[in-house]
Amino acid sequence: MTESASLYMTHPRIMVLGVQPGTPPFRIVEIDGEVIGEARTITDVLLAAAAFGITVHDLDDPDVVRWVGGDTPSAPTPSTSPQPSSGRTTTSPATTS
């Protein structure tokens, strides 16, 4: 069982912290251990990386970006769009007299 002895921890240059309350909500972005600003969209994260000379090909790559306190990047901010319904409708049967 040598797997636990060789645990690999990545240290990506980009860290996107958890969602912060605000209007609209945002995430704090750190690059090389320094807070560089806030991101409200995925584009904000990519633009911040580009400003520091970092090309991001895969936002899900833990060697490149660490997402703290939330999902990886469908959106850095919580979704405010309504959830799709299950597709079922409930109707009461028609009564005949």
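Residues numbered from 1 in each chain as written. Predicted model: local features only at pLDDT ≥ 70, side-chain atom pairs only at ≥ 80, totals over all residues. Heavy atoms only, no water.

Across its full length, the protein holds 1 helix and 4 strands. Along its sequence from the N terminus, the protein presents helices and strands in the succession β-β-β-α-β. Accessible area of the protein: about 7,300 Å², with a carbon and sulfur share of 55%. (Helix = DSSP H or I, 4+ residues; strand = E, 2+ residues; numbered from the N terminus. Areas by Shrake-Rupley, 256 points an atom, 1.4 Å probe, with all protein chains shown as cover.)

A separate point is the side chain of R27. Among the structural elements, R27 can be located in strand β2 (residues 26–31). Of the polar contacts made by the side chain of R27, one reaches the backbone oxygen of L17; its length is 3.4 Å. (Polar contact = N/O pair within 3.5 Å; in protein donor to acceptor, adjacent residues only side chain to side chain.)

Note: strand β1 (residues 14–20) against β2, 5 bridges, orientation antiparallel. Within β2, the residue paired with Q20 across the bridge is F26. In this antiparallel pair of consecutive strands, β1 and β2, the connection spans 5 residues. Taken together, the 3 bridges between β1 and strand β4 (residues 65–67) define a ladder with parallel strand orientation. From the neighbouring strand, M15 faces β4, where its bridge partner is R66. (Pairing = 2+ DSSP bridges.)

Moving on, we come to the pattern of salt bridges. Throughout the structure, instances matching the rule amount to 2 salt bridges. The partner of D32 in a salt bridge is R13, and the shortest N-O contact between them spans 2.8 Å. Placement of D32 in the loop between β2 and β3 (34–39) and of R13 in the segment before β1 is noted, with a sequence separation of 19 residues between them. In this structure, R40 and E38 form a salt bridge, with 2.6 Å as the shortest nitrogen-oxygen distance. (Salt bridge = Lys/Arg side-chain N within 4 Å of Asp/Glu carboxyl O.)

Once that is clear, we can look at unusual backbone geometry. Residues T23 and P24 are joined by a peptide bond in cis, for which omega reads -5 degrees. Note that P24 resides in the loop between β1 and β2. If you check the backbone angles, D32 has positive phi at about 55 degrees while not being a glycine.

In this structure, I14, V45, V56, L59, V65 and W67 are the most contacted members of the largest nonpolar core, which totals 14 residues. Those elements that provide at least two residues to this core are β1, β2, α1 (42–51) and β4. Sequence-distant contacts of V56, that is, excluding residues within four places in its chain, are made with I14, L46, A49, V64 and V65. (Core = buried A, V, L, I, M, F, W, Y, C linked by side-chain atoms within 4.5 Å. Buried < 20%, exposed > 50% of the residue type's maximum accessible area, 1.4 Å probe, protein only. Contact = heavy atoms within 4.5 Å.)

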